[in-house]
Amino acid sequence: MNWNALKYQLKAVRRDKLCILTFLLPIAVGLALNLLSDLNLSSAAEPSFGILQDDLAPEAAAWLQKHGAVTAYDTLGSLEAAVREPSTQTIGVLSDGSGIRAIRAGDEMTRTAVTADLLPRLYADRGLMARYEVTRLPSAADSDMMKHLLIVITMVTAMFMGCTFNAMNIISEKEDGILSINQVLPLTKARYTLQKLTVGFLGGTISAAVTALICMRLTVGQLVPLLLLILLSAFIAALSGLFIAGFSESLMMGIMYIKLVMILFLAPPILFYLLLPAGGALRALTYLLPSSATFYGLMKLLNGSGSLGNELAVLAAHCAVWFLLYECVSLGRRKSLT
């Protein structure tokens, strides 16, 4: 390892604003998640009702307040404006003789539309509820799941820092002509690859580790699996940056590839986790995407469910396969140039 060359690469980080942003943004988001750790995200699912002043019977207004947030409006026009506002998802409720009727804009979410359509019938049958004992279960699990998803997305973004730096750094060297100078210097291809991997790997590891310290609360026994998960994932991210740099002929093309790979790293694992049953054959196939193993492993740590043996084994296999593939591609390019 050429430590002077490594020091030069570390200095290059300070000049790369995109790299600095990628490094600091997950840490900032982790701080925000930590500050908002007591926020009950399940309150966003609470129905919102709009009524007219002195229109509903006190019994009807009290019944609505038991089932959601109620806002009173002075005029029918202001109530209709609130119902048409897409950001509020408000259901308008008016008196209809001895019952109630609901008004809605027509472009609500499915949950809001179904609630509005069933509301008059539910109110008419409210007397039947008195025959049964109703127990409301706490929604902490749903709230925790949302927070865990945000934490995992932030962690995967932090690990992606190595990909961004390696790709942008090598592409910049191509455009500045530094890559041509490196080819005539006494610098072997293996040492050059190790030098680039080290910088990106260290950046992704440090960013993910700091983010984990801020927004994750783990036991002592979970620290080693977390560290191994971060190390393997950061290595794959740094290696993907070398692939992007090798296939990018310009800075704009490199940025486009980085965005595509980042979407591939983040979006599919979220859908796989939410839609595919754990332990199924389809879930097993998703391990072909390395970030899926990272995503599942982090969720296991946060939920305290199961060991990370499978995830760590899959990530180690990905590291070996993708590194060998990179070496084969590099060897093929060198042969084509000679």
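See the structure shown above.
Overview of the structure. All of these numbers come straight from a predicted model, not from anything done at the bench. (Residues numbered from 1 in each chain as written. Predicted model: local features only at pLDDT ≥ 70, side-chain atom pairs only at ≥ 80, totals over all residues. Heavy atoms only, no water.)

**As for empty space enclosed by the protein**
Under the defined criterion, the tally for this structure stands at one cavity of 30 Å³ or more. Taken as a whole, the largest cavity holds about 80 Å³ of empty space. If you trace the largest cavity, you find it lined by V156, M159, F160, S233, I236, A237, F265, P290, S291, T294 and L315. Per-class residue counts for the lining of the largest cavity are eight nonpolar, three polar and no charged. (1 Å grid on protein atoms, 1.4 Å probe; cavity = no way out; pocket = protein on both sides within 12 Å on 5 of 7 lines; lining within 4 Å. Points joined across faces, edges and corners; volume = space filled by probe spheres on them. Nonpolar A, V, L, I, M, F, W, Y, C, P; charged D, E, K, R; others polar.)

**Let's talk about the packing of helix 3 (residues 58–67) against helix 5 (residues 110–124)**
Two elements in contact, helix 3 and helix 5, have axes separated by 12 Å at closest approach and are oriented at 120°. One way to sum up the angle between helix 3 and helix 5 is to call them oblique. In this structure, the crossing between helix 3 and helix 5 has a hand that is right-handed. In contact with E59, A60, W63 and L64 of helix 3, helix 5 contributes L119, L122 and Y123. Class assignment for the residues of the contact of helix 3 with helix 5 results in six nonpolar, no polar and one charged. (Axes fitted to C-alpha atoms, helices over the stretch in contact; angles between N-to-C directions. Helix = DSSP H or I, 4+ residues; strand = E, 2+ residues; numbered from the N terminus. Parallel < 35°, antiparallel > 145°, perpendicular 65-115°, else oblique. Left-handed = near helix turned anticlockwise from the far one by under 90°. Contact = heavy atoms within 4.5 Å.)

**Here we look at the sheet that holds strand 1 (residues 48–52)**
Spatial ordering of the open sheet is given by 2-1-3-4, a layout of four strands whose pairing is mixed. Two strands close off the open sheet at either side, each with one partner strand: strand 2 (69–73) and strand 4 (99–103). Geometrically, the sheet is characterised by an average inter-axis angle of 35° between neighbouring strands, direction not taken into account. Of the strand pairs in this sheet, strand 1 and strand 3 (residues 90–96) are connected by three bridges, and their pairing is parallel. Bridging across to strand 3, S48 finds its partner in T90. Strands in contact with helix 4 (residues 76–84) are strand 1, strand 2, strand 3 and strand 4; relative to strand 3, the strand with the most contacts, it is inclined by about 145°. Helix 5 contacts strand 1, strand 3 and strand 4 of the sheet and is inclined by roughly 170° relative to strand 4. (Pairing = 2+ DSSP bridges.)

**Observations regarding the nonpolar core**
Within the largest apolar cluster, 38 residues are counted, with the highest numbers of intra-cluster contacts made by I151, V152, M155, M216, L226, F295 and L298. Breaking this core down by element, the ones donating at least two residues are helix 7 (140–159), helix 8 (161–176), helix 10 (189–215), helix 11 (220–247), helix 12 (251–275), helix 14 (290–303) and helix 15 (309–337). F49, W63, L64 and Y123 belong to the second-largest nonpolar core, a separate cluster that totals twelve residues. (Core = buried A, V, L, I, M, F, W, Y, C linked by side-chain atoms within 4.5 Å. Buried < 20%, exposed > 50% of the residue type's maximum accessible area, 1.4 Å probe, protein only.)

**What about helix 14?**
For helix 14, which comprises 14 residues, the first-to-last C-alpha distance of 20 Å matches the rise-based estimate of 20 Å (1.5 Å per residue) to within 8%. Once helix 14 finishes, G304 follows within two positions and takes phi at roughly 65°, a positive value. (Expected span 1.5 Å × (residues − 1).)

**Digging into the pattern of salt bridges**
Applying the stated criterion across every chain yields a total of three salt bridges. Salt-bridge contacts for D125 lead to R121; the nearest nitrogen and oxygen are separated by 3.9 Å. For the salt bridge of K300 with E311, the shortest nitrogen-to-oxygen distance reads 3.2 Å. Within this pair, whereas K300 is found in helix 14, its partner E311 is found in helix 15, the two being separated by eleven residues in sequence. Note on K300: relative accessible area 24%, which makes it partly exposed. We classify E311 as buried; its relative accessible area is 0%. (Salt bridge = Lys/Arg side-chain N within 4 Å of Asp/Glu carboxyl O.)

**Some details on a nonpolar patch on the surface**
A surface patch of nonpolar side chains, amounting to about 390 Å² of accessible area, comprises M145, L271, L274 and L275. With respect to the secondary-structure elements, L275 resides in helix 12. Accessibility expressed as a relative area gives 65% for L275, which makes it exposed. (Patch = residues over 30% accessible without salt bridge, like charges linked within 9 Å, V, L, I, M, F, W, Y side chains within 5 Å. Areas by Shrake-Rupley, 256 points an atom, 1.4 Å probe, with all protein chains shown as cover.)

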